[in-house]
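# Analysis of the macromolecular model
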Amino acid sequence: MEKLKPESSIVILTGAGISKESGLDTFRDVGGVWSKFRLEDVATPEGFARDPQRVHEFYNARRRNLLDPEVKPNRAHDALARLEQEWPGEVLLVTQNIDDLHERAGSRNLIHMHGELFKVRSLYTHRVLEWQEDLTLETLCPDTGRPGGLRPHVVWFGEMPLEMERIYEALSNCTLFMSIGTSGTVYPAANFVYEAHQSGAYTVELNLEPSNGATFFQSHRHGPATEVVPVFVDEVLARR
Ligand code: APR
């Protein structure tokens, strides 16, 4: 990777793999979330319409898991927060993850394109609320006082990811694109490397193993995120 101009901007995409060493399951690894639940039942609008209680129970379990004191940011999350703080140009972190580990590590310029586990949305007013409790069909919507009016503020399959315009704008201007801990299975995130490459960015995949999109990247660092991400961040900062 040649010297990066100090004013150049960096876009980082993360997926479930970056949170794996913090104790959160990925989706498609052996024993992952989609080996235990049918995504059609718990991560689609149709599944929520069919059986909202089952969807609430699925996200209640993940919310409780994220509240476990043992679950905390790892060295990869910390390294990305350090990169944002120390890099002279803009660093935008786009995560597919709905956990709050990037925030807790100190990342600020952050987009949760698939929503957030600690937020819910009113079905009546569409207002987004901070929320760490269980949700049930009896939970009253604070805006209307009506029961059953809240859903997880999570983007389900078939729904539009959040802040896509801002993401594509950043991809068209970045000089470095890093993809970390994602299988490159789900679009539009899986297409970001192509957009970045089209803009002339240097593209790097940091993942436990080659992802589905590995061939689209100019460079690869394969290994656990807590090992490969801090090392790569040091290399980037050395090129200021
Ligand atoms: N370090 C780095 N990478 C890892 C680690 C680790 N310790 N452990 C696993 N990985 C890699 C796996 O090799 C895999 O490529 O993380 C990736 C996880 O892929 P997925 O389970 O498919 O998760 P992700 O890519 O984030 O899924 C994208 O799919 O289900 C939807 O909305 C959900 O945001 C999610 C989206």
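So, a few notes on the structure that sits alongside this text. (Residues numbered from 1 in each chain as written. Predicted model: local features only at pLDDT ≥ 70, side-chain atom pairs only at ≥ 80, totals over all residues. Heavy atoms only, no water.)

Overall, antiparallel pairing links the three strands, which are arranged 5-4-6 in an open sheet. Unpaired on one side and paired on the other, strand 5 (128–130) and strand 6 (150–154) mark the two borders of the sheet. When the angles between neighbouring strand axes are averaged without regard to direction, this sheet yields 45°. Each of strand 4 (115–122) and strand 6 is contacted by helix 4 (residues 52–66), which is oriented at about 135° to strand 4, the strand it contacts most. (Pairing = 2+ DSSP bridges. Helix = DSSP H or I, 4+ residues; strand = E, 2+ residues; numbered from the N terminus. Axes fitted to C-alpha atoms, helices over the stretch in contact; angles between N-to-C directions. Contact = heavy atoms within 4.5 Å.)

Right, let's talk about helix 7 (residues 164–173) for a bit. For helix 7, every residue scored as buried is listed here: Met 164, Ile 167, Ala 170 and Leu 171. Looking down the long axis of helix 7, one finds its buried residues gathered within 125° of arc, a one-sided arrangement. Exposed and oriented more than 90 degrees from the buried face of helix 7 are Glu 165 and Glu 169. At its buried positions, helix 7 is contacted by strand 1 (10–14), strand 2 (91–95), strand 3 (110–112), strand 7 (176–180) and helix 8 (192–198). (Buried < 20%, exposed > 50% of the residue type's maximum accessible area, 1.4 Å probe, protein only. Arc of directions from axis to C-beta.)

In the vicinity of the ligand there are 23 residues, among which Ala 16, Phe 27, Arg 28, Thr 182 and Ser 183 approach most closely. Within the contact set of the ligand, an oxygen atom lies 2.8 Å away from a backbone nitrogen or oxygen of Ala 16. Taken by itself the ligand offers 730 Å² of open surface, and the protein chains cover 95% of this. Across the shell around the ligand, the residue classes break down as eight nonpolar, ten polar and five charged. (Near = heavy atom within 4 Å. Polar contact = N/O pair within 3.5 Å; in protein donor to acceptor, adjacent residues only side chain to side chain. Areas by Shrake-Rupley, 256 points an atom, 1.4 Å probe, with all protein chains shown as cover. Nonpolar A, V, L, I, M, F, W, Y, C, P; charged D, E, K, R; others polar.)

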